[in-house]
Amino acid sequence: MTPDIPGSTRTRVPGTDGVELSVAVLGSGPALVLLHGFPQTSLMWRLVAPALAADRTVICPDLRGYGASDAPGATGPDTYSARTMAADVVAAARALGHERFALAGHDRGALVAVRAGLDSPDAVTHLCSLDVLPTLDSWDILSGVRASVAWHLYLMAQPPGLPEAMITATADAFFGSFLDGWGREGLFPADVRAEYLRASRERVRSIVADYRASAGVDLEHDAADRAAGRRLTMPVTVLQQDWGAALGFDAAALWRAWAPDLDHRTVAAGHFMAEEAPDVVVGALRDLLAR
């Protein structure tokens, strides 16, 4: 039996351009949308969403191209851009009856959340990012040997063909290396780890397209916003490992340039903090929603 978020009902809702998203919904009240990261699905919120559903409608989509959501075959420059994925999320929330909602994302989902906050500030009331920098800043801080920590970004930024073939040939080893390397030993129950690997194995082409957009059109969108002075106008909370100390940058300062109303927290948990330290994440989200 495929694992899912306890207490949730899974449904399919329209995003944009005819794409449908697989969404887990639980609870009632004002909406909170939770976006997953790589190489995962909405299942990553299974330890967080039930606690927050006590007084919220919690909506956990699989992003387009991930999990059980549609994965369009036509991969133009915008097909898997953060802007398009963000528009999917806004459309899905509206389809479920929520014109305004709080939004949190981990890893890839956090980049989509930031884009939604910049593009749809009237829809996003609060925003939380887990363990990532905005796209433009991520590329700016990677240089020399320290860029090796993000080797997968460079692989998936290459033109279509070779990255997909290489990853498909070693899919479980490729995706498993991130689950094992970024998480403490034994973090994922066997059925959860198997589900992440299965879901990723079946979505290699669209996952690569998502990452390729981060080295192209997503950078263009971020650069345009920075040049225009656009910022996140809602309260923002960021939870991160202490990557700044390791790689030599001030993470809080980078985030503050995008988010004047910022609560930046360095946490002891690893990258998969929603699963390693769910109480920390739940507490931070409750604090954010009270602002």
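Source: prediction; values computed, not measured. Residue indices begin from 1 for each chain and proceed along its sequence in written order. Only residues with pLDDT of at least 70 get local features here, since the model is predicted, and only at 80 or more are side-chain atom pairs given and counted; chain-wide, interface and lining totals rely on the full set of residues. As a rule here, side-chain values cover all heavy atoms of the structure and leave hydrogens and water aside.

Visitor: It is not clear to me how the side chain of Arg212 should be interpreted in this structure. Could you clarify?
Guide: Relative to the helices and strands, Arg212 is located in helix α9 (residues 204-214). For every residue, the accessible area (1.4 Å probe, protein chains only) is compared with the maximum for its type, and the residue is labelled buried under 20%, exposed over 50%, or partly exposed between those bounds. Residue Arg212 is classed as buried on the basis of its relative accessible area of 18%. Here a residue-residue contact requires only that any non-hydrogen atoms of the pair lie within 4.5 Å. Not counting residues within four places of it along the chain, the set of residues in contact with Arg212 comprises Met156, Ala157, Gln158, Pro159, Pro160, Pro163 and Glu164. To qualify as a helix, a DSSP run of H or I must reach at least 4 residues; to qualify as a strand, a run of E must reach at least 2; elements of each kind are numbered from the N terminus.

Visitor: How should I be thinking about the environment of Leu142 in this particular structure?
Guide: With respect to the element layout, Leu142 can be found in the loop between α4 (135-141) and α5 (151-156). In the structure, Leu142 is positioned 105 residues away from Leu247 in sequence and 8.5 Å away in space, judged by C-alpha atoms. Residues contacting Leu142, with those up to four places away along its chain left out, are Ala147, Val149, Ala150, Leu153 and Tyr154.

Visitor: So what exactly am I meant to see when it comes to the packing of aromatic side chains here?
Guide: For any two aromatic rings, the description comes down to two numbers: the centre-to-centre distance and the angle of the planes. Stacked, tilted and edge-to-face are the three classes assigned to paired rings of Phe, Tyr and Trp, where Trp is represented by its six-membered ring and a pair needs centres within 6.5 Å; plane angles under 30 degrees give stacked, over 60 edge-to-face, the rest tilted. Taken as a whole, this structure holds 13 aromatic pairs when the rule is applied. When the centroid spacing of 5.7 Å and the interplanar angle of 85° are considered together, the rings of Phe188 and Tyr196 count as edge-to-face. Members of the aromatic cluster, joined through ring pairs, are Phe38, Trp151, Phe174, Phe175, Phe178, Trp182, Phe188, Tyr196, Tyr211 and Phe272. Geometry around Tyr211 places Arg108 over its ring, the cationic atom sitting 3.8 Å from the centre. The rule is short: NZ of Lys or CZ of Arg within 6 Å of the ring centre and within 35 degrees of the ring normal puts a charge over the ring.

Visitor: Sorry, what's going on with empty space enclosed by the protein here?
Guide: Empty space among the atoms becomes apparent when a probe as large as a water molecule is rolled across them. Buriedness of a pocket was judged along seven lines, with at least five required to meet protein on both sides within 12 Å; pockets are open sets of points on a 1 Å grid over the protein atoms alone, cavities are sets where a 1.4 Å probe fits but cannot get out, and lining residues have an atom within 4 Å of a point. Grid points are joined across faces, edges and corners, and a volume is the space filled by probe spheres set on the points. Taken as a whole and judged by the stated rule, the model has two cavities of 30 Å³ or more. Space inside the largest cavity adds up to approximately 70 Å³. Together, Ala82, Arg83, Leu111, Val114, Arg115, Pro134, Thr135, Asp218, His221 and Asp222 line the largest cavity. When residues of the lining of the largest cavity are traced back to their parent elements, those giving at least two are α2 (82-95), α3 (108-119) and α10 (217-228). Quantified by volume, the second largest cavity comes out at close to 50 Å³. Taken together, Ala82, Met85, Arg108, Leu111, Val112, Thr135, Asp210, Ser214 and Asp218 make up the lining of the second largest cavity.

Visitor: Can you walk me through the pattern of salt bridges in this structure?
Guide: A pair can form between side chains of opposite charge whenever their charged atoms are brought close. Any Lys or Arg side-chain nitrogen located within 4 Å of an Asp or Glu carboxyl oxygen qualifies as a salt bridge. For the coordinates displayed, the defined rule picks out 21 salt bridges. Linking Glu164 and Arg212 is a salt bridge whose minimum nitrogen-to-oxygen distance equals 3.1 Å. Within this pair, whereas Glu164 is found in helix α6 (residues 162-169), its partner Arg212 is found in helix α9, the two being separated by 48 residues in sequence. Residues Glu164 and Arg212 agree in their burial class; the two are buried. When salt bridges that share partners are traced, they join Arg83, Arg115, Asp119, Asp222, Asp225 and Arg230 into one network.

Visitor: Got a minute to help me understand the state of the cysteines in this structure?
Guide: What is meant by a disulfide is a covalent connection between two cysteines, made through their sulfur atoms. Cysteine sulfur atoms are paired as a disulfide whenever they fall within 2.5 Å. Under the definition given, this model contains zero disulfides. Among the cysteines around Cys60, which has no disulfide bond, Cys128 carries the closest sulfur, lying 13 Å off. On the basis of relative accessible area, Cys128 is assigned to the buried category, the value being 0%.

Visitor: Looking at this structure, I do not really get the layout of surface pockets. What am I missing?
Guide: There is about 570 Å³ of room inside the largest pocket. At the level of elements, α3, α4, α5, α9 and α11 (243-247) are the ones that each hand at least two residues to the lining of the largest pocket. Of the residues forming the lining of the largest pocket, the biggest block, four residues, is contributed by α4. In terms of residue class, the lining of the largest pocket is made up of 14 nonpolar, seven polar and three charged. Looking at the second largest pocket, its volume works out to about 200 Å³. Gly counts as polar in this scheme, as do all residues outside two lists: the nonpolar Ala, Val, Leu, Ile, Met, Phe, Trp, Tyr, Cys and Pro, and the charged Asp, Glu, Lys and Arg.

Visitor: Help me understand the packing of helix α7 (residues 171-182) against helix α8 (residues 190-201), please; the structure alone is not making it clear to me.
Guide: The relative placement of two packed helices is expressed as an angle between their axes plus a distance between the axes. A fitted line through C-alpha atoms represents every axis, and for helices the fit uses only the stretch in contact; the resulting angles, taken between N-to-C directions, go from 0 to 180 degrees. Across the interface, α7 lies against α8 with an axial gap of 9 Å and an inter-helix angle of 130°. In terms of axis orientation, α7 runs oblique to α8. Two packed elements cross with a definite hand, and for α7 against α8 that hand is right-handed. Of the residues in α8, those touching α7 at Ala171, Asp172, Phe175, Gly176, Leu179 and Asp180 are Arg193, Tyr196, Leu197, Ser200 and Arg201. Comment on the angle field: the value is read as roughly parallel under 35 degrees, roughly antiparallel over 145, roughly perpendicular from 65 to 115, and oblique elsewhere. Crossing handedness: left-handed means the near helix sits turned counterclockwise from the far one by under a right angle, and right-handed means the same turn made clockwise.

Visitor: What is the right way to read unusual backbone geometry from this model?
Guide: Most of the time, phi is negative for any residue but glycine, and the peptide bond is trans. With an omega of -5°, the peptide bond between Phe38 and Pro39 qualifies as cis. Of note, the phi angle at Asp107 is positive, near 60°, even though the residue is not glycine. Here Asp107 lies in the loop between β5 (101-106) and α3. One non-glycine residue, Asp131, adopts positive backbone phi at about 60°. On the secondary structure map, Asp131 appears in the loop between β6 (124-130) and α4. Asp131 sits in the buried class, given a relative accessible area of 5%.

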